[in-house]
Amino acid sequence: MSSAVLSKRGLERFKTRHPWIYKSDTLSLPREVGIFPVEDDKGRVLGYALVNARSEISVRVLTYWKEANADTLLNRVHAALDHRESLNIDADSYRLIHAEADELPALVVDKYQDYLVVQNGSAALEVYLDEILEVLIERLQPRGILGRFENKNRELEGLSTENVVLYGEVPETIECRESDIRYLVNPYTGQKTGAFLDQRENRTLLGTYARGNGLDVFSYHGSFALHLAGKCEALECIDVSEEALQRAEENMHLNGFQNVTFTVANAFDRLRELERSGVKFDTISLDPPAFAKRRKDLEAAYGAYKELNLRCMKLLAPGGVLASSSCSFHVSDSDFYEMLGDAARDAGRRFRILDRKTQASDHPEMLGVPETRYLKFALLQAMD
C-alpha cells in the first residue's frame, strides 16, 4: 500500500483544507510511516501528507494537488525561521515553529536564548527530524537542542516518551530576556517547553497599564508579575505551587524587585480572603490553567472562569485594570466574553474593554484551523 485512500467523509474534510484527517475517514493506509500520496476512492491523487496508520489523526495533509517530499518540510523550516526574523521580536526567547500554523504538523520548536527545545507529536514527521535539526543547527548555531518528548501523544503515535538532548549540551537553567525583563527557565521540567511564550506580547502590554497595588493570580514563575513589579508600588503573587513561587522569587531578585510578596494558596480561597479583608487593587493579572481540556469540561470550566473573574472584578479599585486570560481551546471567544459579561453583572460593576488579544505573533493562527487559535486575553478597566 503506497497511498492514503480517503472515504467520502474524508474527502469532504480534505476539501475544507483542514490538515487533520482521522483514521475513521480513510479506506486504506500505508503500513509504513512518512510522506505519502493522498487519493480518493477512484485513485486520483489529491495531495501529499504525513501518514501514520497507528495514529487517530492518521493523515496530516502537507500539500493540495501537488507533490511533497522531505525538501518540502525543510523549505518550510526555512520559511518559518525567516518569518520569525521579520517580526523583530524584542526578546531572546520565542517560538520558531508553530506546528500546523507553519505547515509543519505536530512540530514545535522554541528558542530560549542560545538553546532550542523541540516537541514532535507525529511519527511520520519523526522520520525527517534529523534533517530538520540540521537546518536548525545551520541557521541558528544553537549551543544545544533538547527534545521534550514526554508528551502522551507521542506514546499514541508509537514514539519514545523520554526527554533527550539532540545536539550539544542543554543546561537545567537558562537565563532569558523579554524586553527589559530577565527570567530563568528550566527547559527539562518547565511548563510547555519551559515557559509560557505565547503570552509574551500580552505581558508587555499589561506592563504599560500597571500601577498602584498589584495582584498576580496563578503567578507560576512570575511571568506577568515581572512586568508589573517595576510599575506597581506593591505586588502579591498567588500560586498553589510553592516550588513555582520560589522560581518567581528568584526571577524578582534577578531583576532587583523587592516590592513583591508571595502567597502559596488555592487561588479561589485566597481571592475570597482578600475580598473579605476589604483590600483593593489597581492592577490584576488573572491567567488560570486550561480548565476545559475536553469539550465535556466546558460547563464546569465556564463556572470556574466566571468565579475567578467575578472575585477579581470585586477586588478592583475604581479605574483599575484587570487582564483576564483563558488558554482553553474549547472556550471560544464568544464564550469567553459572555463569561466576562456574566461575571461583571454578578459583581455589580461596569467595565470597558481596553484591548482584546490572542497569542503572540510568533504563535501564528492558520485560517480555517481553529486549533491554532486558543488563547483569549482581555484587558478590562473598572468604570465605577
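Refer to the structure presented above.
All figures in this text were calculated on a predicted structure; none of them were measured in a lab.

A. Molecular detail of the side chain of Thr193. Along the polypeptide, Thr193 turns up in the loop between β13 (181-185) and α6 (200-209). Once residues lying within four places of it in the same chain are set aside, the contact partners of Thr193 are Val108, Asp110, Tyr112, Val117, Gln119, Arg148 and Pro187.

B. Here's a closer look at the pattern of salt bridges. This model, assessed by the stated rule, comprises 35 salt bridges. As a salt-bridge pair, Arg272 and Glu307 come within 3.4 Å of each other at their nearest N and O atoms. With Arg272 in helix α9 (residues 267-277) and Glu307 in helix α10 (residues 298-315), the pair connects residues that are 35 residues apart, well separated along the chain. Given a relative accessible area of 28%, Arg272 falls into the partly exposed group. Each of Asp269, Arg272, Glu275, Glu307, Arg311 and Lys314 takes part in one network of salt bridges that share partners.

C. Representation of the nonpolar core within the structure. Ranked by size, the top nonpolar core spans 32 residues in total, and within it Tyr112, Tyr183, Leu206, Leu235, Cys237, Met252 and Leu379 carry the most contacts. The element that contributes the greatest number of residues to this core is helix α7 (residues 225-229), accounting for four residues. Ignoring any residue separated from it by four or fewer positions in sequence, one finds Met252 in contact with Gly222, Ala225, Leu226, Ala229, Leu235, Cys237, Phe257, Val260 and Phe262. The next biggest cluster of nonpolar side chains, apart from the first, holds 31 residues, and it includes Leu107, Val109, Val135 and Phe149.

D. Highlighting a negative patch on the surface. On the surface, Asp71, Asp130, Glu131, Glu134 and Glu138 cluster together to form a negatively charged patch. Mapped onto the secondary structure, Asp71 falls in helix α2 (residues 70-86).

E. Geometry of the side chain of Glu236. Mapped onto the elements, Glu236 comes out in strand β15 (residues 234-239). One polar contact links Glu236 to Thr263, side chain to side chain, over a distance of 2.8 Å. Setting aside residues no more than four positions away along its own chain, Glu236 makes contact with Gly214, Leu215, Asp216, Thr261, Thr263, Arg270, Leu274 and Phe281.

F. Up close: the sheet that holds strand β8 (residues 107-112). Read across the open sheet, the five strands follow the order β7-β8-β9-β10-β11; overall the sheet is mixed. Because the sheet does not close on itself, it has two edges, and the strands there are β7 (93-98) and β11 (164-168). Adjacent strand axes in the sheet meet at a mean angle of 20° when their direction is disregarded. Sheet analysis places strand β9 (residues 115-120) next to strand β10 (residues 144-147), joined by four bridges and oriented parallel. What sits directly across from Val117, in β10, is Leu146.

G. Highlighting helix α8 (residues 242-254). Taking 1.5 Å as the rise per residue, α8 with 13 residues should run 18 Å; its terminal C-alpha atoms sit 18 Å apart, in good agreement. Listing the buried residues of α8 in full gives Ala244, Leu245, Arg247, Ala248, Asn251 and Met252. Within α8, the buried residues cover an arc of 155° as seen down the axis, which keeps them to one side. Away from its buried face by more than 90 degrees, α8 exposes Glu242, Glu243 and His253. Buried-residue contacts for α8 involve β13, α7, β15 and β16 (260-264).

H. Inspection of the packing of aromatic side chains at higher detail. In the structure shown here, the tally under the stated rule is seven aromatic pairs. Ring centres of Phe14 and Trp65 lie 6.0 Å apart, and the angle between their planes is 90°; this geometry places the pair in the edge-to-face category. With Phe14 in helix α1 (residues 8-15) and Trp65 in the loop between β6 (59-64) and α2, the pair connects residues that are 51 residues apart, well separated along the chain. Residue class for Phe14 comes out buried when judged on its relative accessible area of 1%. The interplanar angle of 5° and the centroid separation of 6.2 Å between the aromatic rings of Phe224 and Phe377 together place this pair among those described as stacked. Taken as a pair, Phe224 in the loop between β14 (213-217) and α7 and Phe377 in strand β20 (residues 376-382) lie far apart in primary sequence, 153 residues in all. Comparing Phe224 with Phe377, the two get one shared label, buried. Taken together, Phe14, Tyr64 and Trp65 form an aromatic cluster joined through their ring pairs. Here the basic side chain of Arg17 rests over the ring of Tyr64, its NZ or CZ set 4.1 Å away from the ring centre.

What counts and how
- Residues numbered from 1 in each chain as written.
- Predicted model: local features only at pLDDT ≥ 70, side-chain atom pairs only at ≥ 80, totals over all residues.
- Heavy atoms only, no water.
- Helix = DSSP H or I, 4+ residues; strand = E, 2+ residues; numbered from the N terminus.
- Contact = heavy atoms within 4.5 Å.
- Salt bridge = Lys/Arg side-chain N within 4 Å of Asp/Glu carboxyl O.
- Buried < 20%, exposed > 50% of the residue type's maximum accessible area, 1.4 Å probe, protein only.
- Core = buried A, V, L, I, M, F, W, Y, C linked by side-chain atoms within 4.5 Å.
- Patch = residues over 30% accessible without salt bridge, like charges linked within 9 Å, V, L, I, M, F, W, Y side chains within 5 Å.
- Areas by Shrake-Rupley, 256 points an atom, 1.4 Å probe, with all protein chains shown as cover.
- Lys, Arg positive; Asp, Glu negative; His and termini not counted.
- Charge placed at Lys NZ, Arg CZ, Asp CG, Glu CD.
- Polar contact = N/O pair within 3.5 Å; in protein donor to acceptor, adjacent residues only side chain to side chain.
- Pairing = 2+ DSSP bridges.
- Axes fitted to C-alpha atoms, helices over the stretch in contact; angles between N-to-C directions.
- Expected span 1.5 Å × (residues − 1).
- Arc of directions from axis to C-beta.
- Phe/Tyr/Trp six-rings, centres within 6.5 Å; stacked < 30°, edge-to-face > 60°.
- Lys NZ or Arg CZ within 6 Å of the ring centre and 35° of its normal.

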